[in-house]
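Survey of secondary and tertiary structure
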Amino acid sequence: MPNISCKHFGKCGGCALLNLPYAEQVAKKQAKLQETLKDFWQGEILVTVTDEPVNFRNKVELGFCHQVKWRDDYDKKDPANKTRPLEFESALGFKLRGRWDRAVDIEECCLFNDKLIALLDAIRAWAKAENLEYYDQRKHTGVLRHLMVREGKNTGEEIVVLFVTDDFNEKTFVQAVESVFPNANIMAAVNNGLADTAAPESLRVLKGKDFILERIFLTNEKGQKEREVVFKLSPQSFFQTNTKTAQKMYSRVRAVVKKIAPKRIYDLYGGAGSFSLSCADLCEKSICVESVAPAVYNGIENAKINGVSNVQFFCSKVEDFVKEQPIERKDALIILDPPRGGMHPKAAKAVAESGVENVLYISCNPVTLANDLKILTQHYEILHVEAFDFFPHSEHIETFVQMKLK
Ligand SMILES: C[S@@+](CC[C@H](N)C(=O)[O-])C[C@H]1O[C@@H](n2cnc3c(N)ncnc32)[C@H](O)[C@@H]1O
């Protein structure tokens, strides 16, 4: 795969490795992963790559920023600069590398979908015509805050969510989005909090539905289709951002679960039930524990949509769940898939001391994985480690660790 060029490389926080050919990016990440996990695993960690590392993301979250114009010639020590009046600009895009308060006004991007830039242009033109201010991260002023676009890569369904602090002309916004994505579901979210997250206080539908469907196809080790799972995704629910490579990971985990043949699966940090639903036909019961309520509601609906009746959902923090609901060890399997921050030490300790024979850990952050392995390997030995490149052009990598009770 030849290098992909992007005029924003170096400034944009979206891609840190885009200057390297894809195979070199993977080799670099693999070497770093081996180094991070060297105290726990010395075998080679094979990486499953993304077949086509362009337009692979199924979701982007972009920021609107009203910001001081970046001047490459700016020199703090030059007295002339101190008296030059500040110029401001409006930007819509990913964060500038290393900055929380500035965005890159993106004019090209290889991550999401060929139509993304046309959508951003339509929204920029709409904001200008409506005289709407972009959010100023420092002063907390302005109306337009974030834009989320999500696409079912296997269903073609789209949802566009605009995060705002105040009212805006909904009709013209819908028209702007429809000019590029005629079939998109469109929502508005109000977010007046000071934190720079796309976490809304309220959400409402402007057109269509408040969710999209995504589908994953699970294959066996010969590549033959074994199972299909449909997911209903609301704007807030977690879903792996690279559907095609995630399918490979879910298929791989499924193959390992099939060999273990547990009666009961504890799917901890379960999101909208991806592992439980992928493996529901392989066990008597799955217990899915997730702390975000909308993801749990999606999970319950996902189970219904897929005709699955043996998954029980708990809306709870894993660290609370393990305190309140003792884990039944007989014929059980624990699947762990925590967020980037890793596990709460109390949760890691409870899993380590659970006595459950098999534990699978899926991690999006090798550093916190290594931290948690310090606790888990007091009672578990690692049987196998492999990785999946869900995040081409970034420094991130997904790791899968299989463990057995010592
Ligand atoms: C990496 S995602 C995995 C989701 C799911 N396993 C999947 O593959 O789609 C981590 C999930 O853990 C949830 N989460 C974060 N902290 C949690 C906690 N302390 N207890 C339970 N769930 C938590 C997040 O909301 C998120 O849905």
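Whatever comes next refers back to the structure up there.
All figures in this text were calculated on a predicted structure; none of them were measured in a lab.

Here we come to the overall build of the protein chain. Summing up its helical and strand segments, the protein chain has 10 helices and 16 strands in all. The globule rule puts the C-alpha radius of gyration for 406 residues at 22 Å, and the 23 Å found for the protein chain is close to it. Principal-axis analysis of the C-alpha atoms places the extent of the protein chain at approximately 70 × 50 × 40 Å. Within the protein chain, residue pairs in contact and separated by at least 24 positions form 67% of the contacts whose partners lie at least 6 positions apart. Entry remark: accessible area of the protein chain is about 18600 Å², with carbon and sulfur atoms responsible for 51%.

Here we take up the site of the ligand. Around the ligand sit 17 residues, and of these Y250, S274, E290, V318 and D337 come closest. A distance of 2.6 Å is found between an oxygen atom of the ligand and a side-chain nitrogen or oxygen belonging to Y250. Between a nitrogen atom of the ligand and a side-chain N or O atom of E319, the distance comes to 3.1 Å. About the coverage of the ligand: the protein hides 89% of its 590 Å² of free accessible area. Listed by contribution, the elements that provide at least two residues to the shell around the ligand are α6 (274–278) and α8 (318–324). In the shell around the ligand, the residues fall into eight nonpolar, five polar and four charged.

For the rest of this paragraph, the subject is the pairing of strand β16 (residues 398–405). Extensive coverage of β16 is indicated by the burial of six of its eight residues. With six bridges joining them, strand β14 (residues 358–363) and β16 adopt antiparallel strand pairing. Counted as the bridge partner of S363 is T399 from β16. Bridge count between strand β15 (residues 380–388) and β16: eight bridges; the pairing is antiparallel. What sits directly across from A387, in β16, is T399.

Glancing now at the sheet that holds strand β13 (residues 332–336). One open sheet holds the eight strands; their spatial order is β1-β15-β16-β14-β13-β10-β11-β12, and the pairing between them is mixed. Of all the strands in the sheet, just β1 (46–48) and β12 (311–315) have a single pairing partner and so form its edges. If you compare each strand with its neighbour and ignore which way they point, the axes differ by 20° on average.

Let us look at the pattern of salt bridges. A pair can form between side chains of opposite charge whenever their charged atoms are brought close. Scanning the model with the defined rule gives 29 salt bridges in all. Between K38 and E35 there is a salt bridge whose closest N-O contact spans 3.1 Å. Note that K404 is salt-bridged to E357, the shortest N-O span being 3.1 Å. Separated by 47 residues along the polypeptide, K404 in strand β16 and E357 in the loop between α9 (345–352) and β14 bring together distant segments of the chain. According to the relative accessible area criterion, K404 is partly exposed, its value standing at 27%. Residue classification places E357 among the partly exposed positions, given a relative accessible area of 42%. Taken together, the shared-partner salt bridges connect E226, R227, R254, K258 and D281 into one network.

Quick look at the environment of N113 now. With respect to the secondary-structure elements, N113 resides in the loop between β3 (88–93) and α3 (116–129). Taking the C-alpha atoms as reference points, N113 and R57, 56 residues apart in sequence, are found 7.8 Å from one another.

Moving on, we come to the packing of aromatic side chains. Taken as a whole and judged by the stated rule, the model has nine aromatic pairs. Ring centres of W126 and F168 lie 5.9 Å apart, and the angle between their planes is 85°; on these two criteria the pair is classed as edge-to-face. With W126 in helix α3 and F168 in the loop between β5 (158–164) and α4 (170–178), the pair connects residues that are 42 residues apart, well separated along the chain. Pairing F168 with F173 gives two aromatic rings, centres 5.8 Å apart and planes at 90°, and the pair type is edge-to-face. Taken as a pair, F168 and F173 share a single burial class, namely buried. Geometry around Y135 places R145 over its ring, the cationic atom sitting 4.0 Å from the centre. The side chain of K153 reaches across the aromatic face of F112, ending 5.2 Å from its centre.

The rules we used
- Residues numbered from 1 in each chain as written.
- Predicted model: local features only at pLDDT ≥ 70, side-chain atom pairs only at ≥ 80, totals over all residues.
- Heavy atoms only, no water.
- Helix = DSSP H or I, 4+ residues; strand = E, 2+ residues; numbered from the N terminus.
- Rg over C-alpha atoms; globule rule 2.2 N^0.38 Å.
- Contact = heavy atoms within 4.5 Å.
- Areas by Shrake-Rupley, 256 points an atom, 1.4 Å probe, with all protein chains shown as cover.
- Near = heavy atom within 4 Å.
- Polar contact = N/O pair within 3.5 Å; in protein donor to acceptor, adjacent residues only side chain to side chain.
- Nonpolar A, V, L, I, M, F, W, Y, C, P; charged D, E, K, R; others polar.
- Buried < 20%, exposed > 50% of the residue type's maximum accessible area, 1.4 Å probe, protein only.
- Pairing = 2+ DSSP bridges.
- Axes fitted to C-alpha atoms, helices over the stretch in contact; angles between N-to-C directions.
- Salt bridge = Lys/Arg side-chain N within 4 Å of Asp/Glu carboxyl O.
- Phe/Tyr/Trp six-rings, centres within 6.5 Å; stacked < 30°, edge-to-face > 60°.
- Lys NZ or Arg CZ within 6 Å of the ring centre and 35° of its normal.

This is a description of form; function is not addressed.
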